[in-house]
Structure formats: C-alpha cells, structure tokens
Amino acid sequence: YITASANYLDVVLLHSVVVFVPLFVGWAWLLSRWGFSPNAVFLIFGATGTLAEVGFGGPQHFIEYGMWTFVYGLMIYLPAYTLPPAEVRRATRPKWWLYPAAIWIPYLFLIPYGLLLGPVRNHFAPNHPKIDFPPLRPNS
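The structure presented is a predicted model; accordingly, all values stated were derived computationally and were not measured.

A. Quick peek at the overall build of the protein chain. Secondary structure assignment for the protein chain yields six helices and zero strands. Start at the N end of the protein chain and walk to the C end: the helices and strands fall as α-α-α-α-α-α. The long-range fraction of contacts in the protein chain, counting pairs at least 24 apart against all pairs at least 6 apart in sequence, stands at 73%. Accessible surface, the protein chain: about 9600 Å² in total, of which carbon and sulfur atoms supply 71%.

This is how it looks when you write it as structure tokens:
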C-alpha cells in the first residue's frame, strides 16, 4: 500500500513519482537565480515535502517534519551541493523572505503540469481508477 498500484509504470507515470518533476524544475529555477546553501535547500524542500504529505494524509504529518526532511530534502540536497558557487553562476544572495517563499514556489510549477497531466491521463487512461488497491478491512 506504499504505492498507488502494483504496476510500476502506473506509479511512475500516473501517480506521485511524476509530480516531483515540476518541483525539481521549480528548484532548478530558484537555484539559477539565488544562491541558497545546500543545507537551506535540504531544510526548505523538507518543509515542501512535509506540506505535500499534510495535504495528502492530514495534519498529523506536521510532527513528522524531521522524517520528511530526510525523505524529500535529500532528493535535492546533492544536486544543490554539486552546483558551482553562487558567484560563479551569478546567483544573488537570497533575501530573508525568500526562504519561506521557497517552500511554496515549487508548487507554482505544478499548476501548468496539472493542467497538462489531467487531459493526458484522461486520454491515455480514461477508466483509470482513483485507487488501485482495495481498501484495507479488519480481520473478522
């Protein structure tokens, strides 16, 4: 039940895995303009991921920020760590308000993606169920 389906391609192409692409594009854009440190990127994307989990599973995921930071933050920490210094890539130092804004900015890159994915998914998988596994039932 950790994935939406037993079909690998279904999970990768039509569920949560593919949602990371626009979030990564958002961070590529952020890092092309501002010189966030890799540690800041780690913590900020951890907060972004925590908010995604809260949106999907409820507010109890707020207390799991540490875990989600290591799940999500590590996805983008190494790419941020391998970038040349901000001076070399002509990135400016981020203002204080950009740190909390960077939690939300990657979500803006989901808007065009969502507008595109919905019709594509409906075209190629019009009868795709919302949940592929049957609900869990207690043993009786």
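B. Representation of helix α3 (residues 38-57). The terminal C-alpha atoms of α3 lie 28 Å apart, and with 20 residues this matches the ideal 28 Å at 1.5 Å per residue to within 8%. Among all positions in α3, only Ala40, Val41, Phe42, Ile44, Phe45, Gly46, Ala47, Thr48, Gly49, Thr50, Glu53 and Val54 are buried. Gly58 sits one or two residues past α3 and shows a positive phi near 110°.

C. Up close: the nonpolar core. By size, the foremost hydrophobic cluster in this structure holds 21 residues, and its most contacted members are Trp27, Leu30, Phe36, Val41 and Ile44. Every element with two or more residues in this core is listed here: α2 (16-33), α3, α4 (65-81) and α5 (98-108). Apart from the residues lying within four places of it in its own chain, the contact partners of Trp27 are Phe36, Val41, Ile44, Phe45, Ile76, Ala102 and Pro106.

D. Focus on the packing of α3 against α5. Running from N to C, α3 and α5 cross one another at 55°; their axes reach a closest spacing of 9 Å. In this view, α3 runs oblique relative to α5, as classed from their interaxial angle. For the pair α3 and α5, the crossing hand works out as right-handed. Residues Ala40, Ile44, Ala47, Thr48, Leu51 and Ala52 of α3 lie in contact with α5, whose contacting residues are Tyr99, Ala102, Ile103, Trp104 and Tyr107. Residues of the contact of α3 with α5, tallied by class, amount to ten nonpolar, one polar and no charged.

E. Structural view of the packing of aromatic side chains. The final tally for this structure, using the stated rule, is 13 aromatic pairs. Their ring planes at 65° and their centres at 6.2 Å tell us that Phe45 and Tyr72 sit as a pair that is edge-to-face. Of this pair, Phe45 sits in helix α3 while Tyr72 sits in helix α4, placing them 27 residues apart in sequence. Above the ring of Trp34, the side-chain terminus of Arg33 is found at 5.3 Å from the ring centroid.

F. Spatial organisation of the side chain of Glu53. Here Glu53 shows up in helix α3. Contacts of Glu53, omitting those with residues within four sequence positions, involve Gly58, His61, Trp68 and Tyr72.

G. Quick peek at the packing of α3 against α4. For the pair α3 and α4, the least separation of the axes is 7 Å and the interaxial angle reads 135°. Relative to α4, α3 is oriented oblique. The way α3 lies across α4 gives a crossing that is right-handed. Taking contact as the criterion, the partners of Pro38, Asn39, Val41, Phe42, Leu43, Phe45, Gly46, Ala47, Gly49, Thr50, Ala52 and Glu53 in α3 are, on α4, Tyr65, Trp68, Thr69, Phe70, Tyr72, Gly73, Leu74, Met75, Ile76, Tyr77, Ala80 and Tyr81. By residue class, the composition of the contact of α3 with α4 is 17 nonpolar, six polar and one charged.

H. Spatial organisation of a nonpolar patch on the surface. A cluster of nonpolar side chains, namely Tyr8, Leu9 and Leu13, defines an oily patch on the protein surface of about 370 Å² accessible area. Structurally, the position occupied by Leu13 is in helix α1 (residues 8-14).

Thresholds, definitions, all that
Residues numbered from 1 in each chain as written. Predicted model: local features only at pLDDT ≥ 70, side-chain atom pairs only at ≥ 80, totals over all residues. Heavy atoms only, no water. Helix = DSSP H or I, 4+ residues; strand = E, 2+ residues; numbered from the N terminus. Contact = heavy atoms within 4.5 Å. Areas by Shrake-Rupley, 256 points an atom, 1.4 Å probe, with all protein chains shown as cover. Expected span 1.5 Å × (residues − 1). Buried < 20%, exposed > 50% of the residue type's maximum accessible area, 1.4 Å probe, protein only. Core = buried A, V, L, I, M, F, W, Y, C linked by side-chain atoms within 4.5 Å. Axes fitted to C-alpha atoms, helices over the stretch in contact; angles between N-to-C directions. Parallel < 35°, antiparallel > 145°, perpendicular 65-115°, else oblique. Left-handed = near helix turned anticlockwise from the far one by under 90°. Nonpolar A, V, L, I, M, F, W, Y, C, P; charged D, E, K, R; others polar. Phe/Tyr/Trp six-rings, centres within 6.5 Å; stacked < 30°, edge-to-face > 60°. Lys NZ or Arg CZ within 6 Å of the ring centre and 35° of its normal. Patch = residues over 30% accessible without salt bridge, like charges linked within 9 Å, V, L, I, M, F, W, Y side chains within 5 Å. Salt bridge = Lys/Arg side-chain N within 4 Å of Asp/Glu carboxyl O.

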